[in-house]
Amino acid sequence: MNFNLTELIFIAIAYLTALFGTAYITERGWISKRIIYHPVTYVLSLGVFTSVWTFYGTFALAKESGYSFLASYLGASAAFFLAPVILIPILRITRTYQLSSLADLFAFRFRSATAGTLTAIFSLIAILPLISIQIQAVSDSLHILNQDFSSDQIAIGFCTLIALFAILVGARNPSLRYNRTGLIVAMATGSLIKLIAMITIALYALFEVMGGPGGLEQWLLQHPQELAIFDTPLDSDMWRTMLLGFFSAIIVMPHTFHMMFTENTSSNSLHKASWGMPLYLLIMALAVPPILWAGIKLGIADQPAFLILNLGIQLDSNFLTTLAFIGGLTAASGIIIVATISIASMLQNHLILPLMPPLATQRLYSRLLWLRRILIIVMMLCSYLFYSTVGLNYNLHWLGTLAFITFMQFLPGILATLFWPGANRNGFCLGLIAGMGIWISSMLTGLLGGDTLTADAVIMDYDNWHQIAIYALTANIIIFLLTSILTRSSQEEIASASACLHNSLQRPVGPQLNISHSDELVELLSPRLGKTTAKREIDQALHELNLVSGELNAIDLVRLRTHTESRLSALFGPVEASTLLNQQIKTESLGQYRTRDIHLLEAQLETYQTRLSGLAAELDNLRRHHRMTLQRLPLGACSLDEKGQIIFWNEEMEHFTGLQASFVLTRKLLNLPAPWGELLNDFSRQDNNHLLSQHLLINDENCWLSLHKASLADDPESMVILLENETDNQLLVNRLTHNERLASIGRFAAGVAHEIGNPVTGIACLAQNLKYETDDPYILESAEQIVTQTQRITRIVQSLVRFAHSGLNDEQQHLEKINLKELTDEALHLVSMDSRGQSLQLNNNIDSSIHLSGDPQRLMQVFINLINNACDASPDHGSVWLDATRESNSVVITITDEGSGISAEHINKLFEPFFTTKDPGKGTGLGLSLVYNIIEEHYGSINVVSPANKNQNNGTQMVITLPVS
Amino acid sequence: MHFYRVLIVLVIGGYLLSPILDQWWPNSSTPWYRPFIIWAALILIIAILERRRRSDEF
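Keep in mind it's a predicted model, so treat the numbers as computed, not measured.

Trainee: Break down the environment of Asn889(A) for me, with residues and values.
Mentor: Residues and elements named next belong to chain A. Secondary-structure assignment places Asn 889 in the loop between strand S9 (879–886) and strand S10 (890–896). Along the chain, Asn 889 and Leu 962 lie 73 residues apart, while their C-alpha atoms are 8.8 Å from each other. Not counting chain neighbours up to four residues away, the residues in contact with Asn 889 comprise Pro 963 and Val 964.

If you want it as structure tokens, here you go:
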């Protein structure tokens, strides 16, 4: 069977175009978001792990050493089974700090550019054999299908195509964390194709070649030697090494790391993958034995690596052959594309940018993109060179195994990142150099030295290759441990370590910037990034945080700084991002908890509650309880830290002052708006710990409050302040005092009236009698004067008696329905009969439909009093107006005059007994007190507006509010 | 953290004891697909545990 070369090239190009098409239409939004973000899509995209090593090489391993082939599947599955402990925490760190590769992660954790560079270089060294075997597999499989052309030419063509595709998919946005859904969907499609190909071929082998499960059992019974390979006890050391190697590889290999943590940001998807990915691997592994045995039965197992391809050729099935070829092509292209993109970003961030820092130019983004494109091409070139000089000489599955095992050296670093805060950069770098050094010098240099298949035999017949791997790992771990214990970690590294720890909360890890305005951050970045780029980055960060450019409070500044560092990290990697932001940093203490951090921690604890377990959860519950107690305290409570900055501001405080906690937190008391700033600041500085019934005018309303404080530490600035609103109490006390005064005046008035009444009556009688006793006109006039004056005394006494009786005769109050218009008309009529009333114009604008319930006689007294007062105040020929408006439950009646108005100091005393502004002898000062009392008895209120006419600054308006019923 | 330390001890223990499992697998009296059944059972357990995860957990 010989496929036409054109056909094969057409299949390959059609497949890769379809893959690119899938990525393209995904990014254009033509595929439903439900499909793109479905966990199944994500799990399938992780299938990029199953490279040609799994698709082709695994058959060779199964044929040679039976169940050993399961090590790669089980090692990878174990990593996913432990997802909640290992993968999810890594996702949390990479997502929070925008880390896009393993080198970024280590550079961030150990705050060391060297750690990042070493990781990038070793990842490149380890991935080259892996990419080389992909190129080899595709070339060989094409060579099997068509022997007419040189596999070298095909390899060049394949590399070019893949480089082009990697650039199209992976180098379109300068930010590495830009969500490339296209790549995820394309890789998921590829994995689906691999799965379908494997299942179809396995089912075909099982049913068509072996004659169904029964036939397979029969064949195995007839050929016990084939099953015997699977029965051979495994070399336990090798098995364990492979298991550990694949366990580490799936976490740290550039392509799997990229798919798991850079492309994906959903922890839910990763949770689903904890069983979804092992299931995918199980199906892929389950297909291996039937296909292998079918190949053995058909006698094509002498080249086991390409058994799956030869199966179709042997059975003369174009369909199966094409399926196997496409499956292999998918497996190879997937890993090469993703690994190339990932390694290119590592090299950019950790090798190129540290050597050639980004220049301040407007074309920064496009330069970054071109740098990445060039790196992808260089990567493909290196892979091709490795393939043509070394890879060609070795077996596919052994070269693959060695590459996978190399990644095991990163395992100590990953575990230390998650679980050991004591690890430091010296330990990590030295351990990695030692481990990699031993492994590379003994294995990979052996590969480079050999140029024939005999060399392959020499190296691979090393029965102890797995022991060397374990020795290298042990050396790595021991040096890592010892160096970390013996050397000191920097403060910055300790902060970074605690941010990476399992269950830790996000804290700003860098030093704080001494800025207060977002534009200052732009200026800080401008020298290195260029003004335009710096402004664009900060504006984007502000937009994503829902902040506006300008003066920012401390918390928002910390958020902005952290977010900007994350964004820059996605562009240049964490090391460069940190350097950019920390240009002006002087030494500042990092080890201490800072006020700002407390807020960030609290905000995060609120959302991370369910992640806490055991003692931490109990402590958090306790914290919530105490916090809730303080928050819900019916007293205003605020606390200050040692710098005098506000660190707590409860709900009652917010309610009473109208200042939101988010606004006041981290400010100093003095910087609060008036009147709070001055009041609280003065109180915090005074010696006395209590300030009682302090009067304050808030929004033109009288308020009374009491303040209490207590020191929280030895530091005088750190304290808790309680604020008690006493306005209601104070108003009640004022009212009681007023009522008490009225009552005592009433008692006094009644007594005076009683005591004065009798002698005055006597004097009046005597004066009357005197008129009959004499004809002397002088005496008669004197008697007349005495009678007039006694009448005046009687009137005063009567009004005193009336005042004394008001408020005491509720039960006698005669309530009836009153027409307000009629009542006020009558009052006006009575007043107009007075000589004063006759010279004024009295207007009653009250609507006749308004009715009230009340005592008509007493209300009449109110209106007569008020209209009389208005008349007295009015100039000659002035006007007095009566108006009323109906509200929902009340009637508001106004009596307005054109008088000179009442001065502000008199308004407050207006309703007090015996207060009058009239000339002596003209008024008793009891009229308005009486009015006040009668209105109160009717459950209404009375207010004074003066001046009523603001333009002319004259006139007085009495406003009476009475309930309707 | 306590919970995860226990888990790590179990994982390392399981890893060290895994060769015993390898020696048991090739027992000729067991069908060839036996390891796959155990593997599938493990996936099922993990899937059930994952479904019981609280949705607001990170």
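Next comes the rest of the description.
Trainee: Can you tell me about the confidence of the model for chain A, naming the residues and giving the values?
Mentor: Residue and element names in this part refer to chain A. Per-residue pLDDT for chain A averages 82, and the proportion of residues at 70 or more is 89%. Taken element by element, chain A is modelled with least confidence in helix H23 (residues 453–460), mean pLDDT 46, and with most confidence in helix H15 (residues 267–286), mean pLDDT 92. Per-residue pLDDT stays below 50 along residues 451–460; that stretch engages in 17 contacts with residues further than four places along the chain or on separate chains. A low-confidence stretch, residues 585–594 (pLDDT under 50), is modelled with 18 contacts involving residues beyond four sequence positions or located in other chains.

Trainee: Break down the sheet that holds strand S2 (residues 646–649) of chain A for me, with residues and values.
Mentor: Residue and element names in this part refer to chain A. Pairing in this open sheet of five strands is antiparallel, and the strands run S2-S1-S5-S4-S3 from one edge to the other. This sheet does not close on itself; its edge strands, each paired only once, are S2 and strand S3 (690–698). Each adjacent strand pair in this sheet contributes to an overall mean axis angle of 25°, direction not counted. Direction of pairing for strand S1 (residues 636–640) relative to strand S5 (residues 719–725): antiparallel, over a ladder of five bridges. Counterpart to Gly 636 in the pairing with S5 is Leu 723. Seen against the sheet, helix H34 (residues 676–685) touches S2, S3, strand S4 (701–711) and S5 and runs at an angle of roughly 35° to S4.

Trainee: With reference to specific residues and values, describe the sheet that holds strand S11 (residues 941–945) of chain A.
Mentor: Residue and element names in this part refer to chain A. The strand order S7-S9-S10-S12-S11 describes an open sheet built from five strands, whose pairing is mixed. Every interior strand has two partners, whereas the edge strands, strand S7 (841–844) and S11, have only one. Between one strand axis and the next, the sheet turns through 15° on average, direction left out of account. Across six bridges, S9 lies against S10 in antiparallel orientation. Counted as the bridge partner of Asp 883 is Thr 894 from S10. Running over the sheet, helix H37 (residues 820–833) touches S7, S9 and S10 and is turned about 170° from S7.

Trainee: Outline the environment of Ala577(A), listing residues and values.
Mentor: Residue and element names in this part refer to chain A. Within the fold, Ala 577 resides in helix H29 (residues 574–581). On the basis of relative accessibility, which here comes to 0%, the residue Ala 577 falls in the buried class. As a C-alpha pair, Ala 577 and Ser 566 span 11 residues in sequence and 7.8 Å in three-dimensional space. Every residue in contact with Ala 577, bar those within four places of it in the chain, is listed here: Glu 565, Leu 568 and Ser 569.

About the criteria used
- Residues numbered from 1 in each chain as written.
- Chains lettered and ligands numbered in written order.
- Predicted model: local features only at pLDDT ≥ 70, side-chain atom pairs only at ≥ 80, totals over all residues.
- Heavy atoms only, no water.
- Helix = DSSP H or I, 4+ residues; strand = E, 2+ residues; numbered from the N terminus.
- Contact = heavy atoms within 4.5 Å.
- pLDDT = per-residue confidence, 0-100.
- Pairing = 2+ DSSP bridges.
- Axes fitted to C-alpha atoms, helices over the stretch in contact; angles between N-to-C directions.
- Buried < 20%, exposed > 50% of the residue type's maximum accessible area, 1.4 Å probe, protein only.

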